[in-house]
Amino acid sequence: MTTAAAIELDFDEGIDRKTLRQLCDRFLAVNEARLERTRTALGPRQRVVPDLLPLVFHLNHPALPGYLDGHCPQGIAHYEPSRAVLQAARREARSFRMRSSGRRAADIEGLFFMGSPGSLGHSVASDLDVWLCHRPDLSGTDVHRLERKAEAVSVWAARLGVELNIFVFTAEAFRRGRQEAAVTGENCGSAQHFLLLDEFYRTGVYLAGCYPLWWLIPSEFEARYKALARQLYEYRFIRADRFIDFGPVPRIPVAEFLGAGVWQLYKGIDSPWKSILKLLLIECYARDRQGGLLSLQFKSLIFMGVTDPDRLDPYVLLYERLASWLDTTAAPRRLDLVRRALYLKSGVPLSRLESVGTHWQGRLLQSLVAHWGWDEADVRDLDNRQAWQASDVQALRRRVVSELTHSYRFLSRLARHHSVHAAIRPEDMQRLGRKLYAAFQRKAGKVERINPNLAPSLAEENLSFHHRSAQPGTGLGWTLYRDLDQPSDVTWQAPIRRTANLVELMVWSHYNGLLTRGTRLNLQAGSSGVTLAALRGISETLFSRLPVPSGPASGEALMERPRLLTVLLFVNVAEDPQSHLRSQGLHKLSSRHDSLDFSATHDNLVMALDQVTLNSWHELSVHRYEAGDVLVQCLKNLLAARVIAPAHEPELTVDCQTPGHGSAIESRLRQLFADVQKHFFAGGRGPHPLRYIIEMGQRFFLLHFNNDQPAFATLESPAALLDYLEKPQSRFIPVVPDRYALDDNPALRKVLLAAQPDNIQVFFRQTDTRVDVWVVDELGSLSHWQQPPSSRNQAMSPLLRFLANLSERRQLRRALTEEAADLSIACRELVYARGEWRTEDRSRLWDEQPLDGFEVMAMGVQEGDEPLQFDLFCEEQEFSVLEYGDQLIPAVAHYIRSRRSSGARYPVYLTDLHLPHDLDPYAYRHDLQTCQYLHYRNRIQAALNSAL
């Protein structure tokens, strides 16, 4: 161990300037060793980055990396480039020549590495974090120029394979806690201040500029830091322009433990080893306040004369502190995880090093491993992570998740006990919390990611998918094995995973990297009916349409609600809709080619659906629908997810391996899902108010939204559909038939598509045997009935007369209340010509109504909870329900027959109808809907004509 005489500073008796210079030199010697170790960790071509970094910001030279314009701040205090640096600059840019910048004041006070550079924890995959501290009086424009140059320098370093993060701020702003680093940076954004300063002081590598004033204040006097710093300046023991002051490291507030802890949990999701070490240090600091901070221990060792870079290595000090604390808490499993985390964080494979002695990290790590009592097998196992199997990774992941969960619970208890909030901005906290939720929250159907950078690869050469019916006595579901030479090998080989359905098992294998294009597939289908060709087809769809996310979700995505990115639908996996025919060697053909209403028997060929979804938080889920109305359930759930982001339609892929019908089913479902979304979310907004009709298997399904929640009604027949459409509405909601719906009733389809709000539309169709009438009222409710055949005038005049009487009463009432204008009445005839249905205007029938005729009117009577009854009026004759009771209809029929001179039998039509406004016991309405009047009109007319 390299040691020197201890240095003691007595601020009360007086300080020797020579001793202060010796102290600075001692820190600089340790610093120089770390800087050289930083360089050796880089490749020969990459070493130019730390070599040139001070010069790049000292000179704003066009030939040097990062140059943008001639106005960028420049000059690092007291920096003079060495001959080696100037030679490196000329190798980088042959046109570079050093030129004097005059006696202008330096704009940059200090330049430092911080974090892992030069330490045991620095690997080839590590980044370099840089603190660039400028003068506090720089203008906002100049600071922005400096930040832009820092970005350009980072781009230059990236081209050399070095990830460089440069944070631009002032020491004064840092002392006041105003650093503005984003949450995506290593500085943890708003999550910490003193913890960050503690890390900087024990890991920082001085590059150029002023020395940290903190070096000169003994650890035991940290509480008197400000007073002693003032004494050094006022008594001129040091020159103020030679030192930069980031402030002392006092007792760390509990709120910082919470903020920094949540941040490390956030990072630990994707890179667990470094985060586990830092989380444990946070817990150690919080629980063992008397143990002090590592930065103060580091400074004390240098004051004591310790300058050995191995002894002062930040990760060695970190490990020693954690090991001492965990020994006192009797937590050997946690200590073992700390050792594994440190070994893997270093990135040094000891078992593969040719000579440990020539590699400083290898030499240091070897001494630690020997102290831990690890043997060659332990080291070789960690070095050969590329050979790990899923079971190995799952076991380690459970330990990692257990530790992260322990940290989360500790932080939660800490917050409750001290009644404080995390020192972190609300928006950062929200972002971090959402990533934790996406990574660890378990919910139905969510696919668990088992390898968060624990092993390089889990790819398997051979995978065997076994339906459990192939193994008597094991129940149902699917089991995944590796390298099964014979099916009988399942009796002794442990399975990788069991799931209820095949698609879930394949998605899990694909998502976690076991299933690749190079994997050979084996299948024991049992009674499932799945073929090897279908298995390969599903695999290919997963490879081509569901790329595994290469990293975590972006911060922007986490600040929004999760929206669907990709949807895969696997249709009829392990199901055959025509198996009963196929078993007899038959295959059904039909000119009716709708896969949801196939052939004359109206078969729905979609029996089961496996829905795979990937959202913007990179959550992957699998849901199987195999009971009930599977397609409508799936569609409803997709619409519910789409509400979150109506402007973004997810990418949809449909895969169907059903023999003979696969392509047709795929095409039909793609059309259906696209059409439904196009109508409900037209223009990137929605959900729009409408009712969408889907016809499947002789049944009808009406999709609609209630308060942004999708719902559907199931209607078992065409008559049930008409009954549903007749119901009153609170507002106009159009009805949109699917492109294949109502093929057997094209006239109804035409009526629904022609419906318009705020008027009454009458449609009729004449045949030799009947007249079909449809009325779409002002709110879109549809009334339909059939009448005996007659001329257009005879068929439509009574109805138009009835609607005119309703309109007159409404017009009078609205004129009195100054409400909106009256509703118009349109009449159109449905005509089939030249292979299509069209409507022709018949509004002239309105003008051809006879002004005289037999008046039949009904007056609704509501008595308490009794059913609605009617008094009838024929010309001037009143027929009261109180007088006639059950004989009301026969009495009116008798009167009507008596008034017919010819005695002929022909229908009677109601010319007017009055309904009570409290027809609904829970609501009073000035204007009832036209469909309500038509409902009772048709009921009364049917009773009268039956009696006639």
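What counts and what doesn't
- Residues numbered from 1 in each chain as written.
- Predicted model: local features only at pLDDT ≥ 70, side-chain atom pairs only at ≥ 80, totals over all residues.
- Heavy atoms only, no water.
- Pairing = 2+ DSSP bridges.
- Helix = DSSP H or I, 4+ residues; strand = E, 2+ residues; numbered from the N terminus.
- Axes fitted to C-alpha atoms, helices over the stretch in contact; angles between N-to-C directions.
- Contact = heavy atoms within 4.5 Å.
- Patch = residues over 30% accessible without salt bridge, like charges linked within 9 Å, V, L, I, M, F, W, Y side chains within 5 Å.
- Areas by Shrake-Rupley, 256 points an atom, 1.4 Å probe, with all protein chains shown as cover.
- Salt bridge = Lys/Arg side-chain N within 4 Å of Asp/Glu carboxyl O.
- Lys, Arg positive; Asp, Glu negative; His and termini not counted.
- Charge placed at Lys NZ, Arg CZ, Asp CG, Glu CD.
- Buried < 20%, exposed > 50% of the residue type's maximum accessible area, 1.4 Å probe, protein only.
- pLDDT = per-residue confidence, 0-100.
- Phe/Tyr/Trp six-rings, centres within 6.5 Å; stacked < 30°, edge-to-face > 60°.
- Lys NZ or Arg CZ within 6 Å of the ring centre and 35° of its normal.
- Domains from an automatic or database assignment.
- Core = buried A, V, L, I, M, F, W, Y, C linked by side-chain atoms within 4.5 Å.
- Expected span 1.5 Å × (residues − 1).
- Arc of directions from axis to C-beta.

Chemist: Is there a simple way to explain the sheet that holds strand β3 (residues 164-169) in this structure?
Modeler: Backbone hydrogen bonds are what pair the strands of a sheet, in a parallel or an antiparallel way. Read from one edge to the other, the open sheet built from four strands follows the order β3-β2-β1-β4, with strand pairing classed as mixed. The open sheet terminates on both sides in strands that have one partner only, identified here as β3 and β4 (205-209). Ignoring which end each strand starts from, the neighbouring axes of this sheet average 20° apart. Here four bridges tie strand β1 (residues 108-114) to β4, and the two strands are oriented antiparallel to one another. Opposite Phe112, over in β4, you have Tyr206 as the bridge partner. Helix α2 (residues 48-58) contacts β1, β2 (128-134), β3 and β4 of the sheet and is inclined by roughly 160° relative to β1.

Chemist: Quick question: what am I supposed to make of a negative patch on the surface here?
Modeler: Where like charges cluster on the molecular surface, the negative patch consists of Glu8, Asp10, Glu13 and Glu220. Residue classification places Glu220 among the exposed residues on the basis of a relative accessible area of 61%.

Chemist: Honestly, the confidence of the model for the protein chain in this entry has me stumped. Any pointers?
Modeler: Parts of the prediction with low pLDDT should not have their coordinates interpreted in detail. Across the protein chain, pLDDT averages 88, with 91% of residues at or above 70. Across residues 178-190, confidence stays below pLDDT 50; counting only partners more than four residues off in sequence or on other chains, it has 37 contacts. Here residues 581-587 scores under 50 on pLDDT; set against residues more than four positions off or in separate chains, the count is eight contacts.

Chemist: Honestly, the sheet that holds strand β14 (residues 651-656) in this entry has me stumped. Any pointers?
Modeler: Spatial strand order, β13-β12-β11-β14: four strands in an open sheet with mixed pairing. Strand pairing shows two members of the sheet lacking a second neighbour, β13 (620-625) and β14, which therefore form its edges. With direction set aside, neighbouring strand axes in the sheet form an average angle of 15°. One ladder, built from six bridges, connects strand β11 (residues 564-571) with β14; its direction is parallel. Within β14, the position partnered with Phe570 by the bridge is Asp655. Along the sheet, helix α22 (residues 662-680) makes contact with β11, β12 (609-615) and β14, crossing β14 at roughly 155°.

Chemist: I'm lost on the packing of aromatic side chains in this one. Help?
Modeler: To describe a pair of aromatic rings, you give the distance between the ring centres and the angle between the ring planes. Scanning the model with the defined rule gives 31 aromatic pairs in all. Both rings, one in Phe879 and one in Tyr884, keep their centres 5.5 Å apart while their planes meet at 40°; by these two values the pair is tilted. Its relative accessible area of 26% is what places Tyr884 among the partly exposed residues. Sitting over the ring of Trp360, Arg37 keeps its end group 3.9 Å from the ring centre. If you follow Arg937 out to its NZ or CZ, it ends over the ring of Phe802, 5.0 Å from the centre.

Chemist: I keep staring at the pattern of salt bridges and nothing clicks. Help me out?
Modeler: Once their charged atoms are close, side chains differing in charge can pair, the charge on each being opposite to the other. Counted by the stated rule, this structure contains 45 salt bridges. Between Arg39 and Asp51 there is a salt bridge, with the nearest N and O atoms lying 2.8 Å from each other. Of this pair, Arg39 sits in helix α1 (residues 17-40) while Asp51 sits in helix α2; the two residues are twelve residues apart in sequence, bridging distant segments of the chain. Here Glu540 makes a salt bridge to Arg517, at a shortest N to O gap of 2.9 Å. Note that Glu540 is positioned in helix α18 (residues 532-545) and Arg517 in the loop between α17 (502-511) and β10 (520-524), a separation of 23 residues in sequence. We classify Glu540 as partly exposed; its relative accessible area is 38%. Residues joined by salt bridges that share partners form a network here, namely Arg792, Glu829, Arg838, Glu840 and Arg842.

Chemist: Before we go on, may I ask you to explain the domain arrangement of the protein chain in this structure?
Modeler: Interfaces are often sized by the amount of accessible area the parts lose when they come together. Each domain of the protein chain was delimited in the assignment, giving domain 1 (17-183 + 193-250), domain 2 (257-440), domain 3 (462-545), domain 4 (745-847) and domain 5 (856-947). Computed from C-alpha coordinates alone, the two centres of domain 2 and domain 3 are separated by 37 Å.

Chemist: How should I be thinking about unusual backbone geometry in this particular structure?
Modeler: For the peptide bond that leads from Gly686 to Pro687, omega is 10°, which places it in the cis range. Position of Pro687 relative to the elements: it lies in the loop between α22 and β15 (691-696). In this model, His78 sits at a positive phi of 60°, which is unusual for a non-glycine residue. Positioned with a positive phi, Arg236 is a non-glycine residue whose angle comes to about 55°. Here Arg236 is to be found in the loop between α7 (225-234) and β6 (243-244). Of the residues examined, Arg236 reaches a relative accessible area of 67% and is grouped as exposed.

Chemist: Looking at this model, I keep getting lost on the nonpolar core. Mind explaining?
Modeler: General note: in soluble globular proteins, nonpolar side chains tend to be found buried as a group. Residues Trp131, Leu216, Leu232, Phe246 and Phe465 are the most contacted members of the largest nonpolar core, which totals 141 residues. Contact partners of Leu232, with chain neighbours within four places excluded, come to Phe11, Ile15, Leu20, Leu213, Leu216, Ile217, Phe237 and Ile238. With 43 residues, the next largest nonpolar core counts Ile825, Phe870, Leu888 and Leu948 among its residues.

Chemist: Please clarify how the pairing of strand β16 (residues 699-706) should be interpreted in this entry.
Modeler: Summarising burial for β16: six of the eight residues are buried, a large majority. With five bridges joining them, β15 and β16 adopt antiparallel strand pairing. Each bridged residue has a counterpart across the sheet, and for Met696 the counterpart in β16 is Arg699. Linking two consecutive strands that pair antiparallel, namely β15 and β16, is a turn of two residues; a positive phi of about 55° is found at Gly697 within it. Taken together, the seven bridges between β16 and strand β17 (residues 709-715) define a ladder with antiparallel strand orientation. In the strand pairing of β17, Leu703 is matched with Phe712. Between β16 and β17, which pair antiparallel in sequence order, lie two residues; one of them, Asn707, sits at a positive phi of approximately 50°.

Chemist: Would you take a moment to explain the environment of Leu564 for this structure?
Modeler: Tracing the sequence through the fold places Leu564 in strand β11. Residue class for Leu564 comes out buried when judged on its relative accessible area of 13%. Sequence separation between Leu564 and Ser616 is 52 residues; the distance between their C-alpha atoms is 6.3 Å. Beyond its immediate chain neighbours, meaning those up to four positions away, Leu564 contacts Thr613, Leu614, Asn615, Leu638, Ala641 and Pro650.

Chemist: Sorry, what's going on with the pairing of strand β7 (residues 462-467) here?
Modeler: Strand residues, when the strand is regular, have side chains that alternate between the two faces of the sheet. Of all six residues that make up β7, six are buried, and the element is covered over most of its length. Residues Asn462, Ser464 and His466 line one face of β7 and the alternating positions Leu463, Phe465 and His467 line the opposite face, and both faces are buried. Where β7 and strand β8 (residues 478-482) come together, five bridges link them in antiparallel fashion. Paired with Phe465 across the bridge in β8 is Leu480.

Chemist: Would you mind showing me how to read helix α4 (residues 140-159) here?
Modeler: Residues spaced three or four apart along an α-helix face the same direction, because each turn holds 3.6 residues. Taking 1.5 Å per residue, 20 residues should reach 28 Å; α4 reaches 29 Å between its end C-alpha atoms and fits that length. When we look at burial in α4, the residues that qualify are Asp142, Val143, Leu146, Lys149, Ala150, Val153, Ser154, Trp156 and Ala157. The buried residues of α4 all sit within an arc of 155° when viewed along its axis, so they share a single face. Within α4, the exposed residues directed more than 90 degrees away from the buried face are Gly140, Glu151 and Arg159. Each element contacted by the buried residues of α4 is listed here: α2, α3 (83-92), β1, β2 and β3. Residue Gly161 follows α4 closely and has a positive phi angle near 90°.

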